[in-house]
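Here is what each chain is made of, one letter per residue.
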Amino acid sequence: MKQTVKSIRSFIGSENFETSRSFYRDLGFEEIVIDPKMSLFRWNDAGFYLQDAYVKDWIDNTMVFIEVDNTDEFFQQLLSLNLTEKYNTAKISPVRTMPWGKECFVHDPSGVLWHFGEFF
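Parameters and conventions
- Residues numbered from 1 in each chain as written.
- Predicted model: local features only at pLDDT ≥ 70, side-chain atom pairs only at ≥ 80, totals over all residues.
- Heavy atoms only, no water.
- Pairing = 2+ DSSP bridges.
- Helix = DSSP H or I, 4+ residues; strand = E, 2+ residues; numbered from the N terminus.
- Axes fitted to C-alpha atoms, helices over the stretch in contact; angles between N-to-C directions.
- 1 Å grid on protein atoms, 1.4 Å probe; cavity = no way out; pocket = protein on both sides within 12 Å on 5 of 7 lines; lining within 4 Å.
- Points joined across faces, edges and corners; volume = space filled by probe spheres on them.
- Nonpolar A, V, L, I, M, F, W, Y, C, P; charged D, E, K, R; others polar.

*Asks:* What is the right way to read the pairing of strand β6 (residues 91-98) from this model?
*Replies:* Where a strand is regular, its side chains alternate between the two sheet faces. Pairing analysis gives 6 bridges linking β6 to strand β7 (residues 101-107), with the strands arranged antiparallel. Within β7, the position partnered with Met98 by the bridge is Gly101. The hairpin formed by β6 and β7 contains 2 residues between the paired strands.

So, in C-alpha cells, the structure goes:
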C-alpha cells in the first residue's frame, strides 16, 4: 500500500466520563469534543479518543505508551500536577530504567495504564 500514514489514535473507555475528561485536561491534553459521549484528546501530534463507555475487562487491559524527550523531567512535571490528590483512584509510579530505556507510569481514574518513556 502506498498511502502515507498521518496518525494513529486509540479509543479508550472511562468509568466516569466527566472525571476522565477533567483528568486528561489536567494532564496536559487539549480536548476536542466530538459528541456528548466522545472527545478527542491531543498533545502535539499525539492523540486518542476518550469514550463514555466502561467495560471493566477492556479498561483493565488497556495500556498506552507515549514517548517523551526526558522521562525524569516528565515525571517531575507529573508530580507537580498533584493528580493523585485530585483524583483519588489515579496512580503515578516512579521512573524505572530498563535495558531499552526509561519509563514511568500513570493509571488514570478508570485504571487505564499509561507508559511515558524514552528509548536509549
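Once you've had a look at it, read on.
*Asks:* So what exactly am I meant to see when it comes to the sheet that holds strand β8 (residues 113-119) here?
*Replies:* Within a sheet, each strand pairs with its neighbour through backbone hydrogen bonds, oriented either parallel or antiparallel. Reading across from one edge, β5-β8-β7-β6 is the order of the 4 strands in this open sheet, with mixed pairing throughout. Each edge of the open sheet is held by one strand with a lone partner, namely β5 (63-67) and β6. Sheet twist, expressed as the average angle between the axes of neighbouring strands with direction ignored, equals 20°.

*Asks:* Sorry, what's going on with the layout of surface pockets here?
*Replies:* To find leftover empty space, a probe the size of one water molecule is rolled over the atoms. Its volume calculated, the largest pocket comes out at about 270 Å³. Trp43, Asn44, Glu67, Val68 and Phe74 are, among the 14 residues lining the largest pocket, the residues nearest its centre. Mapped onto the lining of the largest pocket, the elements with two or more residues apiece are β5 and α3 (71-80). With 3 residues, the top contributor of residues to the lining of the largest pocket is α3. The residue makeup of the lining of the largest pocket, split by class, is 7 nonpolar, 3 polar and 4 charged. Of the volumes computed, that of the second largest pocket is approximately 200 Å³. If you go around the second largest pocket, you meet 13 residues; those closest to its centre are Ile8, Ala46, Gly47, Phe65 and Ile66. Broken down by element, the residue count for the lining of the second largest pocket peaks at 4 residues, all from β5.

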